[in-house]
Amino acid sequence: MSTLPTRRLGALEVSAQGLGCMGMSEFYGETDETESIATIHRALDLGVTLLDTADMYGPFINEELVGRAIAGRRDQVVLATKFGFVRGEDPTDRSIRGDAAYVRQAAEASLRRLGVDHIDLYYQHRVDPSVPIEETVGALGELVTEGKIRHVGLSEAGAATIRRAHATHPITAVQTEWSLWSRDLEAEIVPTCRELGIGLVPYSPLGRGFLTGRITSAADLGSGDFRQVGQPRFADGNLERNLALVERLRALAAERDVTAGQLALAWVLHQGADVVPIPGTKRRKYLEENVAASFVELSTADLAAIEDAVPVDEVAGERYPEAGMRLVGG
């Protein structure tokens, strides 16, 4: 397999595809640290440079895992992590903090867990509605000046917030869900980022695994998988309607001798040279399948056929439950 080409997120050069590490520690069922670390090492061998984690994954243990995995290979990694979610003992107990004191506290803690002296791309995971974005990003700018972080990012921020943030300190990347079944960012977020020269980092580019075609019923999800509870698109009724869309995608993929997941990921990659998706996986075999999607060529006609097969207005269910949807686009 060829080494991945690179793309630019603002001033930051990264591999055309990154690796989302969240599922290695939480949310997607059973975990296997040995296989997860082997997956990260294989990603680096294949030319994946962008690794994505967050303090709330685990919580905290995903950063520690990534830190162990990159020990001795730090110079090969563009390391991205996030702050902002504060979790209580109940897994559903979550609040958002973006005050300046917390920004510094969270960054220092992430540096310790990751075992590094700087974070390459540090995102605000969700915008804190109670704190002016200028305060949050101003504090991040101070961390850049101190060399503790190199670049500032936002996750799930609205267009107006992105503009205010960028006026305070340059924003390098905006991370937002983007896939064939999550396209709401195309109306305002994408044009705003392109106007300002900000890169786009789609998370869940495979629709939380659904667009791979490997999930055909709730029974396919193991214990501890967050998709079993409270994920509207996997709920009864919606699941069946969404499966029909994936079947159309599978048919198109078969004609092109690729998997449905590869076709869905290639579609995201074809949305622009400033787009760097971060599909998550905790297994080497799926990593290799995802990386291969970077070399799938799609014509304008192919892209149109894919979008016709998965019309966004036919996707059943919101991308998050009500509480989660309140935290996006702030």
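Residues numbered from 1 in each chain as written. Predicted model: local features only at pLDDT ≥ 70, side-chain atom pairs only at ≥ 80, totals over all residues. Heavy atoms only, no water.

Taking an unreviewed UniProt entry as the reference, the protein chain is identified by name as Aldo/keto reductase belonging to Solihabitans fulvus.

Before going further, it helps to examine the nonpolar core. With 83 residues, the main nonpolar core has L19, I40 and L249 as its most contacted residues. Not counting the four nearest positions on each side in its chain, L19 is found in contact with M24, T39, I40, A43, V48, L50, L51, D52, I278, P279, T281 and L287. Grouped together as the second largest cluster of nonpolar side chains are 13 residues, A80, A173, Y203 and V276 included. (Core = buried A, V, L, I, M, F, W, Y, C linked by side-chain atoms within 4.5 Å. Buried < 20%, exposed > 50% of the residue type's maximum accessible area, 1.4 Å probe, protein only. Contact = heavy atoms within 4.5 Å.)

Before going further, it helps to examine the packing of aromatic side chains. For the structure shown, the criterion picks out two aromatic pairs. The interplanar angle of 35 degrees and the centroid separation of 5.0 Å between the aromatic rings of F83 and Y122 together place this pair among those described as tilted. Note that F83 is positioned in strand 5 (residues 78-83) and Y122 in strand 8 (residues 119-124), a separation of 39 residues in sequence. The class of F83 is buried, set by a relative accessible area of 0%. Seen in terms of ring centroids, W181 and F210 are 5.1 Å apart; in terms of plane orientation they differ by 5 degrees. Their pairing is stacked. Of this pair, W181 sits in the loop between strand 10 (171-177) and helix 6 (189-196) while F210 sits in the loop between strand 11 (199-203) and helix 7 (238-255), and the two are 29 residues apart along the sequence. Across the pair, exposure class does not vary: W181 and F210 are buried alike. (Phe/Tyr/Trp six-rings, centres within 6.5 Å; stacked < 30°, edge-to-face > 60°. Helix = DSSP H or I, 4+ residues; strand = E, 2+ residues; numbered from the N terminus.)

A word on the pattern of salt bridges. Pairs can form between side chains of opposite charge whenever their charged atoms are close. This structure, assessed with the given rule, holds 23 salt bridges. Note that E186 and R183 form a salt bridge whose closest N and O atoms lie 2.8 Å from each other. Taking the relative accessible area as the measure of exposure, E186 reaches 27% and is therefore partly exposed. Through salt bridges with shared partners, one network takes in R104, E108, E142, E146 and K148. (Salt bridge = Lys/Arg side-chain N within 4 Å of Asp/Glu carboxyl O.)

In this section: the side chain of N290. Relative to the helices and strands, N290 resides in helix 9 (residues 284-292). Overall, the relative accessible area of 6% leaves N290 in the buried class. If near-sequence neighbours (up to four positions away) are discounted, N290 is found in contact with Q17, L206, L265, P279 and T281.

Within helix 2 (residues 61-70), seven of the 10 residues are buried, which leaves it mostly tucked inside the rest of the structure. N62, E63, L65, V66, G67, A69 and I70 are the residues of helix 2 that are buried. Those residues of helix 2 that are buried are in contact with helix 1 (33-45), strand 4 (50-52), strand 5 and helix 3 (100-114). Where helix 2 terminates, the next one or two residues include G72, which has phi positive at roughly 85 degrees.

Let us now look at the environment of A54. Along the chain, A54 falls in the loop between strand 4 and helix 2. Residue class for A54 comes out buried when judged on its relative accessible area of 0%. Along the sequence, A54 and Q76 sit 22 residues apart, while their C-alpha atoms lie 19 Å from each other. Aside from chain neighbours lying at most four places away, what touches A54 is E63, T81, K82 and H125.

This part takes up the environment of Y123. Within the secondary structure, Y123 is located in strand 8. By relative accessible area, Y123 is classed as buried at 0%. For the pair Y123 and I37, spaced 86 residues apart in sequence, the C-alpha to C-alpha distance is 23 Å. Every residue in contact with Y123, bar those within four places of it in the chain, is listed here: D52, A80, T81, K82, F83, G153, L154, S155, A173, Q175 and V201.

Among the residues of helix 9, those classed as buried are L287, E289, N290 and V291. Structurally, helix 9 contributes buried residues whose contacts are with strand 3 (19-20), helix 1 and helix 8 (260-269).

Pairing within the open sheet is parallel, and its seven strands lie in the order 3-4-5-8-9-10-11. One side of each edge strand has no neighbouring strand; the edge strands of this open sheet are strand 3 and strand 11. Of the pairings in the sheet, the one linking strand 3 to strand 4 comprises two bridges and is parallel in character. The residue of strand 4 that forms the bridge with G20 is D52. (Pairing = 2+ DSSP bridges.)

Attention now goes to unusual backbone geometry. The omega angle of the peptide bond from G58 to P59 is -10 degrees, so this bond is cis rather than trans. Looking at where P59 falls in the secondary structure, it is placed in the loop between strand 4 and helix 2. Backbone geometry places F60, a non-glycine residue, at a positive phi of 80 degrees. In this structure, F60 sits in the loop between strand 4 and helix 2. Look at F60 and you get partly exposed, because its relative accessible area is 42%. Residues other than glycine seldom take positive phi values, yet R208 does so here, at roughly 55 degrees.

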